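One letter stands for each residue in the lines below.
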Amino acid sequence: MMVRKAVVDAKTFSSALDQVSKVLRKSSIPVLAEALVSISDGQCTLTATDIETYLFQTVPARGDDLSFVFRKTKDVAKACRLFDGELELEFSDIGEGKHRSLTLCMRCGGRAVEFEVMDAEVYPVCASVEAKASFTANAADLLKRVELVGYAAGKPTPYARATCCNVQFSGGHVFAMDGTRLACDTDETLMVPRPFMTYVESLSHLRMFGNQEVTVELGERQGRITNGTASIIFCINGVDVYPVDGAVPHSCQEEFYVQTRDLLRELKYLKEFTANERKPYVRFTKGSLVMPTSTGKCSTRVEIDGHSDITFAFSLPEMLDAVRQFKDESRIKLKVNSAVSPVILEAEGRGDFALVCPARLTDRLLAA
């Protein structure tokens, strides 16, 4: 029989467990839905992973070295929120083989709870990151840039996981694309030392750092974001990023402005009639928007400021997403070269843009 005890601050431990638990997902592999707790050399490290992303939080501890994996981590996290003061963790390892029993007793004041845990040895090991390059950034600012463009990465599918859901970094660009659209934010004050791409979902965990400065370390296959006590380990899915500068036309035939609020309102109006449409497309001509439907057509218009003679078409959901990128601006600029060229959306005084590939002007669209 082995019994080990350690003490942590209940609120600090609870906060750290809440943070790492955000990466946990339902899984056919039970251990991937749980968090690992390891106490060694006066530090308690909490780890959680979905295999693609690892989250780590470190809090002070005292007592014996011990390690275990929670069962029903999210239920344990709820219980930990009710503790305040010193939290004692008593880990018991009794028996051998099929008779082996691992239990944890958590005591705080007059409260105590005891339950089974799993052996730490079953937890997937996270490979260390050998940094080839690094840079520092404000976590909140970096997250804001990722969230601004992340919608264009597309949704994960079992067949396109490797190419979708990625946000890409190159020089001062942070961008995402899914083959029919692209969203890019540029900030020359933060130049990434080497190009890389990773999942948008992995970088969504930047919020656990709040407004703190973090160091981003880039290895061959993995990256690490840390503030010294908390870390995110993420997959690097490639360094051969898209040459985003080459995707944007350097000149255009037409430029015109529309009121952002008006365009959003009318696009949402058209969306109300898409329930039976698998791929709703809209024809745009001089501010007039026409959408054929299975039973007829819908139309509306927006006022434009500038020259607009080119007729083009677009996917309604994709244009809605692109316009929402600028939802806080009073007006946006649309740049058009031809009916078969990408439509570019910009706003004055900003370093970001959206690009939406046109839809083919079919007979159905032209006749609507």
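Residues numbered from 1 in each chain as written. Predicted model: local features only at pLDDT ≥ 70, side-chain atom pairs only at ≥ 80, totals over all residues. Heavy atoms only, no water.

Per an unreviewed UniProt entry, the protein goes by DNA polymerase III subunit beta and derives from Flavonifractor plautii. Per its UniProt entry, the protein bears the Subcellular location (unreviewed entry) comment "Cytoplasm". Annotation of the protein in UniProt includes, under Sequence similarities (unreviewed entry), the sentence "Belongs to the beta sliding clamp family." (UniProt positions renumbered as here; feature names shortened; annotations may be inferred.)

### Considerations on the sheet that holds strand β20 (residues 288-292)
Strand order in the open sheet formed by 4 strands is β21-β20-β19-β23, and the pairing between neighbours is antiparallel. Every interior strand has two partners, whereas the edge strands, β21 (297-301) and β23 (312-315), have only one. Going across the sheet, the axis of each strand differs from the next one's by a mean of 25°, ignoring polarity. Packed on one face of the sheet, helix α5 (residues 260-271) meets β19 (281-285), β20, β21 and β23 and runs near 170° to β21. Across the face of the sheet, helix α6 (residues 316-324) comes into contact with β19, β20 and β23 while running at roughly 85° to β23. (Pairing = 2+ DSSP bridges. Helix = DSSP H or I, 4+ residues; strand = E, 2+ residues; numbered from the N terminus. Axes fitted to C-alpha atoms, helices over the stretch in contact; angles between N-to-C directions. Contact = heavy atoms within 4.5 Å.)

### Concerning the UniProt feature "domain: DNA polymerase III beta sliding clamp N-terminal" (unreviewed entry) in the protein
Here, UniProt's "domain: DNA polymerase III beta sliding clamp N-terminal" (unreviewed entry) annotation points to residues 9-125. Taken end to end, residues 9-125 has its terminal C-alpha atoms 26 Å apart, with 17% of it in helix and 44% in strand.

### Some thoughts on the pattern of salt bridges
In this structure the tally under the stated criterion is 24 salt bridges. In this structure, R107 engages E90 in a salt bridge whose closest nitrogen and oxygen atoms are separated by 3.1 Å. Here E90 lies in strand β7 (residues 86-94) and R107 lies in strand β8 (residues 101-108), a separation of 17 residues in the sequence. Relative accessible area serves as the criterion here: at 32%, R107 is assigned to the partly exposed category. When its relative accessible area of 15% is taken as the criterion, E90 is described as buried. E266 serves as the salt-bridge partner of R265, at 2.7 Å between the closest nitrogen and oxygen. The class for R265 is partly exposed, based on a relative accessible area of 44%. Classification of E266 by relative accessible area gives buried; the value is 11%. If you follow the salt bridges from partner to partner, you end up with K5, E88, E90 and R107 in one network. (Salt bridge = Lys/Arg side-chain N within 4 Å of Asp/Glu carboxyl O. Buried < 20%, exposed > 50% of the residue type's maximum accessible area, 1.4 Å probe, protein only.)

### As for the packing of α5 against α6
Interhelical geometry of α5 versus α6 gives an angle of 155° and a closest axis separation of 10 Å. In terms of their interaxial angle, α5 and α6 are classed as roughly antiparallel. Note that α5 runs across α6; the crossing there is left-handed. Contacts between α5 and α6 involve T260, L263, L264, L267, K268, L270 and K271 from the former and L316, M319, L320, V323 and R324 from the latter. Grouping the amino acids of the contact of α5 with α6 by side-chain chemistry returns 8 nonpolar, 1 polar and 3 charged. (Parallel < 35°, antiparallel > 145°, perpendicular 65-115°, else oblique. Left-handed = near helix turned anticlockwise from the far one by under 90°. Nonpolar A, V, L, I, M, F, W, Y, C, P; charged D, E, K, R; others polar.)

### Overview of the packing of aromatic side chains
Aromatic rings considered in pairs are described by the distance between their centres and by the relative angle of their planes. Using the criterion set out here, one finds 10 aromatic pairs in the structure. Between F70 and F115, the ring centres sit 6.1 Å apart and the planes meet at 45°, which makes this aromatic pair tilted. With F70 in the loop between β6 (66-69) and α2 (73-80) and F115 in strand β9 (residues 111-116), the pair connects residues that are 45 residues apart, well separated along the chain. F115 shares its class with F70; the two are buried. Between F312 and F314, the ring centres sit 6.3 Å apart and the planes meet at 45°, which makes this aromatic pair tilted. Each member of the pair, F312 together with F314, is buried. Taken together, the aromatic side chains of F68, F70, F91 and F115 make up a single cluster linked through ring pairs. Here R331 stacks its cationic end above the ring of Y257, 3.7 Å away from the centre of that ring. (Phe/Tyr/Trp six-rings, centres within 6.5 Å; stacked < 30°, edge-to-face > 60°. Lys NZ or Arg CZ within 6 Å of the ring centre and 35° of its normal.)

### Considerations on the environment of P30
Residue placement: P30 occurs in the loop between α1 (10-21) and β2 (35-40). You can call P30 exposed: its relative accessible area is 55%.

### A word on the layout of surface pockets
For the largest pocket, the calculated volume is near 510 Å³. In terms of lining, the largest pocket is formed by 23 residues, of which the most central are K144, R145, L148, D185 and R350. Its residues assigned to classes, the lining of the largest pocket comprises 6 nonpolar, 5 polar and 12 charged. Lining the second largest pocket, in full, are T180, R278, K279, P280, Y281, F314, S315, P317, E318, C357, P358 and A359. Counting only elements with at least two residues in the lining of the second largest pocket, the list comes to β23 and α6. (1 Å grid on protein atoms, 1.4 Å probe; cavity = no way out; pocket = protein on both sides within 12 Å on 5 of 7 lines; lining within 4 Å. Points joined across faces, edges and corners; volume = space filled by probe spheres on them.)

### A closer look at the pairing of strand β25 (residues 343-346)
Bridge count between strand β24 (residues 331-336) and β25: 3 bridges; the pairing is antiparallel. Looking at β25, one finds that K335 is bridged to I344. Hairpin connection between β24 and β25: a loop of 6 residues separates the two successive antiparallel strands. Judged from the 3 bridges that link them, β25 and strand β26 (residues 352-356) form a sheet pairing that is antiparallel. Counted as the bridge partner of L345 is A354 from β26. Joining the antiparallel neighbours β25 and β26 is a turn of 5 residues, in which G349 adopts a positive phi near 80°.

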